[in-house]
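A closer look at the structure
Single-letter residue listing:
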Amino acid sequence: VSCRGRSRNCGRGGTRARGWCRRCGYSAFADSGRTISEQDRQRLVDEIRKEEELHKHEKARKLDWLQNSGLWIEYGQNVGERQRQWWEERGIPRYWQYRFGLGYTPKKSVKVDTDRFAGFPAYTIPIPNLEGRIVNIQYRLTELPPEIEKRHGKYRGIAGLDPAPLIFSPAIGIEGKT
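Residues numbered from 1 in each chain as written. Predicted model: local features only at pLDDT ≥ 70, side-chain atom pairs only at ≥ 80, totals over all residues. Heavy atoms only, no water.

What to know about helix α3 (residues 81-89)
Defined as follows: Residue burial is assigned from relative accessible area. The probe radius is 1.4 Å, only protein chains are included, and a residue is buried under 20% of its type maximum, exposed over 50%, and partly exposed in between. Going along the chain from the N terminus, every DSSP run of H or I of four or more residues is numbered as a helix, and every run of E of two or more is numbered as a strand. To obtain the arc, one takes the directions from the helix axis to the C-beta atoms. Contacts between residues were defined by any pair of non-hydrogen atoms, one from each residue, lying within 4.5 Å.
Of all the positions in α3, only Q83, R84, W86 and W87 are classed as buried. Down the axis of α3, the smallest arc covering the buried residues is 155°, so these residues share one side. Tucked into the core, α3 has its buried residues touching α2 (71-77), α4 (94-99), β4 (103-111), β5 (117-128) and β6 (134-141). In the segment just after α3, G91 is the residue with positive phi, at about 85°.

Structure, rendered in structure tokens:
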């Protein structure tokens, strides 16, 4: 039933289970027997496949840009004594700062409202894959207004890229102090 997409949810409405899909809008109680036509289902499946293909190409384009830009190297070169001390206050010794390529940018653009962006200082953590190629950069934003930090958190990655896990040995923990 529905588009058979991966964005389905299930919840309870009183004593009955209810399902809905964020993609196609299909909604029904589990015991209602409601279905959509095969033609509509196929149309939705085709739309989802096209959308996924576009996302795949956009992700590949962003990843190629990131790997060729050397952005994390630039961020590493931005680190001064003040930034090194900031990392050290959070339990990251200088050796690890260099080893893991930790960096800093004085102004990371962040969406603060539906149509408004603002720049905030950010400490950066390059995220490698198993081959050691950088696949994302984690930004630890500082000097955020409390309402933005509460609503969106203080960490961001590059939009459209996977938030890959840190793959280092030994692993490092970030955030020993708020």
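Right, picking up where we left off after that structure.
As for helix α1 (residues 38-69)
For the record, the criterion: A helix is expected to span 1.5 Å for every residue after the first.
With 32 residues, α1 should reach 46 Å at 1.5 Å per residue; the first-to-last C-alpha distance of 46 Å fits that figure. Along its buried surface, α1 packs onto α2 and β6. G70, located one to two residues past α1, shows a positive phi value of around 65°.

Things to note about the packing of aromatic side chains
Centre distance and the angle of the planes are the two values used to describe a pair of aromatic rings. Rules: When the centres of two rings from Phe, Tyr and Trp lie within 6.5 Å, Trp using its six-membered ring, the rings pair. Their planes under 30 degrees apart give stacked, over 60 give edge-to-face, and anything left gives tilted. Charge-over-ring contacts are defined here by two conditions on Lys NZ or Arg CZ: a distance within 6 Å of the ring centre and an angle within 35 degrees of the ring normal.
With the rule as written, the count across this model stands at 6 aromatic pairs. Ring geometry for W86 versus W87: centroids 5.2 Å apart, planes at 85°, classification edge-to-face. Joined through ring pairs, the aromatic side chains of W86, W87, Y104 and Y123 make up one cluster. Sitting above the plane of the Y98 ring, R84 keeps its charged end 4.2 Å from the centroid. Across the ring face of Y139, the terminal group of K108 is positioned such that the distance to the ring centre comes to 4.4 Å.

The values are spatial; any link to function lies outside them.
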